[in-house]
Amino acid sequence: MFFTGLSGSGKTTLASALVRRIVADAGVVTLLDGDEVREHLTKGLGFDRESRETNVERIGYVAALIAKHGGLAIASPIAPFDSSRKRVRAMVEASGARFVLVHVATPLTECEARDVKGLYAKARAGLLPDFTGLDSPYEVPVDAELVLDTTNVTVEEAVERVWALMAD
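Below you will find a few notes about this structure. None of the values given here were measured: they were computed from a predicted structure. (Residues numbered from 1 in each chain as written. Predicted model: local features only at pLDDT ≥ 70, side-chain atom pairs only at ≥ 80, totals over all residues. Heavy atoms only, no water.)

1. Description of helix α3 (residues 49–68)
Given 3.6 residues to a turn, an α-helix orients residues that are three or four positions apart in the same direction.
Next up, step 1: The terminal C-alpha atoms of α3, which comprises 20 residues, lie 28 Å apart, in line with the 28 Å expected from a rise of 1.5 Å per residue.
Next up, step 2: Positive backbone phi, at 85°, marks Gly70, one or two positions downstream of α3. (Helix = DSSP H or I, 4+ residues; strand = E, 2+ residues; numbered from the N terminus. Expected span 1.5 Å × (residues − 1).)

2. As for the nonpolar core
Next up, step 1: Counting 20 residues, the largest nonpolar core has Met1, Phe3, Leu18, Ile74, Val102, Leu148 and Val162 as the members making the most contacts within it.
Next up, step 2: Among the elements of the structure, α1 (11–24), β4 (101–104), β5 (146–148) and α7 (155–167) are those that each provide at least two residues to this core.
Next up, step 3: Looking at this core, the element that brings in the most residues is α1, giving six residues.
Next up, step 4: Core analysis: the second largest hydrophobic core is formed by 15 residues, Phe2, Ala63, Val92 and Leu101 among them. (Core = buried A, V, L, I, M, F, W, Y, C linked by side-chain atoms within 4.5 Å. Buried < 20%, exposed > 50% of the residue type's maximum accessible area, 1.4 Å probe, protein only.)

3. Some remarks on the pairing of β4
Next up, step 1: A two-sided burial pattern is seen for β4, the buried positions comprising Leu101 and His103 on one face and Val102 and Val104 on the other.
Next up, step 2: Of the strand pairs in this sheet, strand β1 (residues 2–4) and β4 are connected by three bridges, and their pairing is parallel. Paired with Phe2 across the two strands is Leu101, which belongs to β4. (Pairing = 2+ DSSP bridges.)

4. Regarding the pattern of salt bridges
Next up, step 1: For the coordinates displayed, the defined rule picks out 14 salt bridges.
Next up, step 2: Among the ionic pairs, Glu93 bridges to Arg89, the shortest N-O distance being 3.8 Å. Of the two residues, Glu93 and Arg89 are both situated in helix α4 (residues 82–94); the distance of four residues between them amounts to about one turn of the helix.
Next up, step 3: With a closest N to O distance of 3.1 Å, Glu110 and Arg114 form a salt bridge. Of this pair, Glu110 and Arg114 are both found in helix α5 (residues 108–114), four residues apart, which corresponds to roughly one turn of the helix.
Next up, step 4: Judged by its relative accessible area of 28%, Arg114 is partly exposed.
Next up, step 5: Salt bridges here are not isolated pairs; linked through shared partners, they connect Asp82, Arg85, Lys86, Arg89, Glu93, Asp143 and Glu145. (Salt bridge = Lys/Arg side-chain N within 4 Å of Asp/Glu carboxyl O.)

Next comes the structure, spelled out in structure tokens:
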């Protein structure tokens, strides 16, 4: 399960809620949160295109390994580029697992209004160059199995939609 979307779109919130739902049903799951991966697995990578793609592909590699051994991985990076999302899909499918892309399509204006981490404000002040959605592009997925805008849907409703997709 791969959540993609702008910073502040609700990816991590949805992924975490889905993990709680899976665990409550006595399931085992690994959450690969974008921020945590950046801190531990891909520390030192920048935010230029090549570094962002490397970050996403490393997440995909770990997810594919988990899936190859029968586990369930949920990832929630921004993953702004179609090319790296496609490479992750290919890695996961080559491991024999199903890849499900969920585009958390919350509009930029809403993400910026939330700005929980203050990142948009820093980017607008010129302190965070190459910020996705402002200075750096976010390539909207055309191959997402599910598109969610968290502006008008509760976390619980969104998780139910993802849960239903997983059951298919």
